[in-house]
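Chain by chain, the residues:
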Amino acid sequence: MIEDKNQQRTPLSELGEFGLIDHLTKHFEVKHKSTIKGIGDDAAVLDFKSKQIVLTTDMLVENVHFDLSYMPLKHLGYKSVMVNLSDVYAMNANATQITVSIAVSNRFPVEALEELYSGIQTAAAVYGVDVIGGDTTSSTTGLIISVTAVGEVATDDVVYRSGAKPNDLLVVTGDLGGAYMGLQILEREKEVFKVNPQNQPDLDMYTYIIERQLKPEARKDIVKLLKDLEVKPTSMIDISDGLSSEIIHLCKHSDVGVELYENKIPLDPQVISTCEEFDIDSTTVALNGGEDYELLMTVSQDDYPKIKANPNLSVIGFITEKSSGMHLVTRAEAKIPIVAKGWNALNNQE
């Protein structure tokens, strides 16, 4: 794809902070009755009446969490919303509002930020959330995005990390490892491009895993699915840092152990074939890759008949007493202690 070198570039200084906010958010619409006042005053005003409020925030930093050499700004805007909505859905809640704050250097023109906010607007429209505020400021180190998400949940429906009980089933949505392998493809093609800038990558055979990395989807559908199935998980967490890390979080918060079965971990065929191409073990990728934004939960054995035939849910193990420890049961039926080797932002600095 040939880039147009004559694109219009409007400096940020031309609009100023408040003019920029007005410009980037003028098309955002309010959908929720709980949004009394959104953008345009000193603070947003929300009214949730009898519901409990869940609140979560995440920060994405250029060259730590994303690389703009292969992450389009529109996709980045979309993904920054997904990262936060996933945490809301992990509480068995419905996401209703978000705020978006950015720190940006003057190497970004207004048009670049329009792309970023276009992705944010698309995510808000698809997932039915109101953008109700935020902030913009200058940065000397590239682009930083901070999104805060608000959600609502009935008191009886909220699910924490701390409710897992021995004999509960360990259940995961979707499939795992795709986002990490998509990242490996993008990093490889980046290195090829450095050597030969005329080279155009052929990524058709990696479409699914690249989309898992560049345009992940939060599992809003699972909250509704569980309600329709009349299943309330005993504990739940989203898979942002890798399956092993999230299992350890659940076990530590719930004071239990776990048996995870290697042959039950759901893997897409494209993940398996790409792992073979890179000579990487697919189980290691699923355990430690991260950024899948699937939901990991524990479910009472009594609810097994309700979930067993559902294609969105895979039973991958069961909860044990804490004294039994946390183990991966391999295909050869050996037991290996589960350790966290997933993404840690504080240990992944360049």
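Higher on the page you've got the structure.
In this text, all values refer to a predicted model and were calculated from it rather than measured experimentally.

What counts and how
- Residues numbered from 1 in each chain as written.
- Predicted model: local features only at pLDDT ≥ 70, side-chain atom pairs only at ≥ 80, totals over all residues.
- Heavy atoms only, no water.
- Helix = DSSP H or I, 4+ residues; strand = E, 2+ residues; numbered from the N terminus.
- Buried < 20%, exposed > 50% of the residue type's maximum accessible area, 1.4 Å probe, protein only.
- Contact = heavy atoms within 4.5 Å.
- Areas by Shrake-Rupley, 256 points an atom, 1.4 Å probe, with all protein chains shown as cover.
- Salt bridge = Lys/Arg side-chain N within 4 Å of Asp/Glu carboxyl O.
- Core = buried A, V, L, I, M, F, W, Y, C linked by side-chain atoms within 4.5 Å.
- Pairing = 2+ DSSP bridges.
- Axes fitted to C-alpha atoms, helices over the stretch in contact; angles between N-to-C directions.
- Parallel < 35°, antiparallel > 145°, perpendicular 65-115°, else oblique.
- Left-handed = near helix turned anticlockwise from the far one by under 90°.
- Polar contact = N/O pair within 3.5 Å; in protein donor to acceptor, adjacent residues only side chain to side chain.

A. Inspection of the overall build of the protein chain at higher detail. Of regular secondary structure, the protein chain possesses 10 helices and 13 strands. Here the protein chain, with 350 residues, has 49% of them falling under the buried criterion. If you take every contact in the protein chain between residues at least 6 apart in sequence, the share linking residues at least 24 apart comes to 86%. Split by element, the accessible area of the protein chain, about 17500 Å² in all, is 51% carbon and sulfur.

B. Seen up close, the pattern of salt bridges. All chains considered together, the criterion is met by 19 salt bridges. When the shortest N-O distance is used, the salt bridge between E152 and K51 registers 3.6 Å. Taken together, the positions of E152 in strand β6 (residues 144-153) and K51 in the loop between β2 (45-46) and β3 (52-61) put the pair 101 residues apart, joining distant regions of the chain. Linked through salt bridges whose partners overlap, the residues forming this network are R212, R219, D221, D292 and E294.

C. Summary view of unusual backbone geometry. Phi is positive for D279, which is not a glycine, with a value near 55°. Mapped onto the fold, D279 is located in the loop between α8 (269-278) and α9 (282-288). Take D279: its relative accessible area is 72%, and that puts it in the exposed class. We note that Y293 has phi near 55°; this positive angle belongs to a residue other than glycine.

D. Local environment of the nonpolar core. Ranked by size, the top nonpolar core spans 85 residues in total, and within it L85, I98, L243, L260 and L296 carry the most contacts. Setting aside chain neighbours within four positions, we find L260 in contact with L170, L243, I247, I265, L287, I316, G317, H327, L328, V329 and I338.

E. View of the pairing of strand β12 (residues 326-329). Looking at chain direction, strand β9 (residues 257-261) and β12 are connected through four bridges and run parallel. Across the sheet, residue Y261 finds its bridge partner in β12, namely V329. Across three bridges, the pairing between β12 and strand β13 (residues 335-337) is antiparallel. Bridge assignment links H327 to a residue of β13, and that residue is P337. The hairpin turn running from β12 into β13, its antiparallel successor, is five residues long, and E333 in that turn takes a positive phi close to 65°.

F. Region of interest: helix α5 (residues 207-214). When we look at burial in α5, the residues that qualify are I209, I210, R212, Q213 and L214. Contact partners of the buried residues in α5: α2 (73-89), α4 (178-195) and α8.

G. View of the sheet that holds strand β8 (residues 235-238). Within the open sheet, the seven strands sit side by side as β8-β10-β7-β11-β9-β12-β13. Their pairing is mixed. Each edge of the sheet is formed by a strand with only one pairing partner; in this case those strands are β8 and β13. Neighbour to neighbour, the strand axes of the sheet diverge by 25° on average, direction disregarded. Bridge analysis of β8 against strand β10 (residues 295-299) gives four bridges, and the strand direction is antiparallel. Paired with I237 across the strands is L296, a residue of β10. Contacting β7 (169-173), β8, β9, β10, β11 (313-320) and β12, helix α7 (residues 243-254) crosses the sheet at an angle of about 150° to β8.

H. Up close: the packing of α4 against α8. It is the contact of α4 with α8, at a shortest axis distance of 10 Å, that shows an interaxial angle of 45°. By the angle between their axes, α4 is oblique relative to α8. Here α4 runs over α8; the crossing is left-handed. On the side of α4, the interface is formed by G178, M181, Q184, I185 and R188, while α8 contributes V271, T274, C275, E277 and F278.

I. Spatial organisation of the pairing of β9. Most of β9 is tucked away, with four of its five residues classed as buried. The pairing of β9 with β11 spans four bridges and is antiparallel. Opposite E259, over in β11, you have F318 as the bridge partner.

J. Quick look at the environment of S139. Inspection of the secondary structure puts S139 in the loop between β5 (130-138) and β6. Owing to a relative accessible area of 11%, S139 belongs among the buried residues under this scheme. Setting aside chain neighbours within four positions, we find S139 in contact with A103, V104 and S105. A distance of 3.0 Å separates the side chain of S139 from the backbone nitrogen of T141, its partner in a polar contact. Polar side-chain contacts of S139 include one of 2.8 Å to the backbone oxygen of G142.

Everything listed is a geometric property; what it means functionally is a separate question.
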